[in-house]
Protein chains: 2
Amino acid sequence: MSQTANTPKPPYYAVIFTSIRSDGDNGYAKMAEKMVALAGEQPGFLGMESAREDAGITVSYWKDLPSIENWKNHTAHMAARQKGKEIWYDSFQVRICRVERAYEFNRET
Amino acid sequence: MSQTANTPKPPYYAVIFTSIRSDGDNGYAKMAEKMVALAGEQPGFLGMESAREDAGITVSYWKDLPSIENWKNHTAHMAARQKGKEIWYDSFQVRICRVERAYEFNRET
């Protein structure tokens with residue numbers, strides 16, 4: 001993603017997903033693309049940021065905890081997470097956070 | 001960083017820093033390395049994760065809000081942030097979050 005997420009004023013929620021991939025693609029890139037699109041369609045979705053070097057970091061932003069729970073229980077997302085554990089990731093961490101304060105800087109042009 | 005952060009049980013705090021860099025290094029890489037080392041020496045620091053593709057994401061973890069405030073007011077960090085606005089970043093966002101829940105997966109080997 002080439003942009004940072006344009007989120008509303010806090011409070012809202014963030015899910016920080018950090019991961020170490022296993023070797024090889026094994027269908028990962030295609031599924032990741034699908035999941036990004038599908039997450040964007042969910043109620044309460046506010047935005048997403050993602051980057052990977054050695055470790056990958058994906059932060060998704062949500063209106064509230066029920067929105068996160070709803071996405072967690074989405075059938076296609078559950079299936080993707082299962083394959084993540086079986087094949088795509090050596091390790092990952094998920095952190096559910098309440099965004100309490102936020103500020104931004106934009107260069108004047 | 002090749003590892004994800006090994007943080008304690010929630011609650012604790014996360015600072016999500018997302019950014020778009022300006023063109024050229026202009027001393028950025030050297031200063032970034034210094035800031036990572038310096039942050040790691042601060043009281044209440046719990047860990048850090050970082051990755052950059054088009055956008056950069058750095059998440060630092062802290063024991064509590066005063067620890068974050070203390071790092072924010074560190075003289076060398078303030079000077080680095082000022083240069084960030086003047087030179088290194090086209091835009092950035094900072095989000096201060098309370099980590100409420102966390103879980104992890106590690107492949108059995």
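Residues numbered from 1 in each chain as written. Chains lettered and ligands numbered in written order. Predicted model: local features only at pLDDT ≥ 70, side-chain atom pairs only at ≥ 80, totals over all residues. Heavy atoms only, no water.

Caption draft 1: Inspection of the nonpolar core at higher detail. Ranked by size, the top nonpolar core spans 20 residues in total, and within it A:Ile16, A:Val59, B:Ile16 and B:Val59 carry the most contacts. Looking at this core, the elements with two or more residues in it are β1 (12–21), β3 (56–62) and β4 (89–106) of chain A together with β1 (12–21), β3 (56–62) and β4 (89–106) of chain B. Residues within four places of A:Ile16 in sequence aside, it is in contact with A:Thr58, A:Val59, A:Gln93, A:Val94, A:Arg95, A:Cys97, B:Ala14, B:Ile16, B:Val59 and B:Tyr61. (Core = buried A, V, L, I, M, F, W, Y, C linked by side-chain atoms within 4.5 Å. Buried < 20%, exposed > 50% of the residue type's maximum accessible area, 1.4 Å probe, protein only. Helix = DSSP H or I, 4+ residues; strand = E, 2+ residues; numbered from the N terminus. Contact = heavy atoms within 4.5 Å.)

Caption draft 2: Region of the structure containing the relation of the copies chain B and chain A. The two copies are related by a screw operation: chain B maps onto chain A through 180° of rotation and 0.0 Å of translation along the axis, at an RMSD of 0.0 Å. On the angle and the small slide along the axis, the relation comes out as a two-fold axis. Residue by residue, 100% of the interface of chain B is reproduced at the interface of chain A, so both copies engage with the same surface. (Least-squares fit on C-alpha atoms with pLDDT ≥ 70 in both.)

Caption draft 3: Focus on the pairing of β4(B). In this structure, β4(A) lies alongside β4(B), joined through 15 bridges in antiparallel fashion. What sits directly across from A:Val94, in β4(B), is B:Tyr103. Inspection of the sheet shows β1(B) paired to β4(B) by ten bridges, in the antiparallel sense. For B:Ile16, the partnering residue across the bridge sits in β4(B) and is B:Arg95. (Pairing = 2+ DSSP bridges.)

Caption draft 4: Up close: the sheet that holds β3(A). Read from one edge to the other, the open sheet built from eight strands follows the order β2(A)-β3(A)-β1(A)-β4(A)-β4(B)-β1(B)-β3(B)-β2(B), with strand pairing classed as antiparallel. Both outer strands of the open sheet, β2 (45–52) of chain A together with β2 (45–52) of chain B, are each paired with one neighbouring strand and no more. Within this sheet the neighbouring strands show an average axis-to-axis angle of 25°, counted without direction. In this fold helix α3 (residues 75–88) of chain A packs onto β1 and β4 of chain A together with β4 of chain B, with an angle of close to 120° to the strand it touches most, β4(A). (Axes fitted to C-alpha atoms, helices over the stretch in contact; angles between N-to-C directions.)

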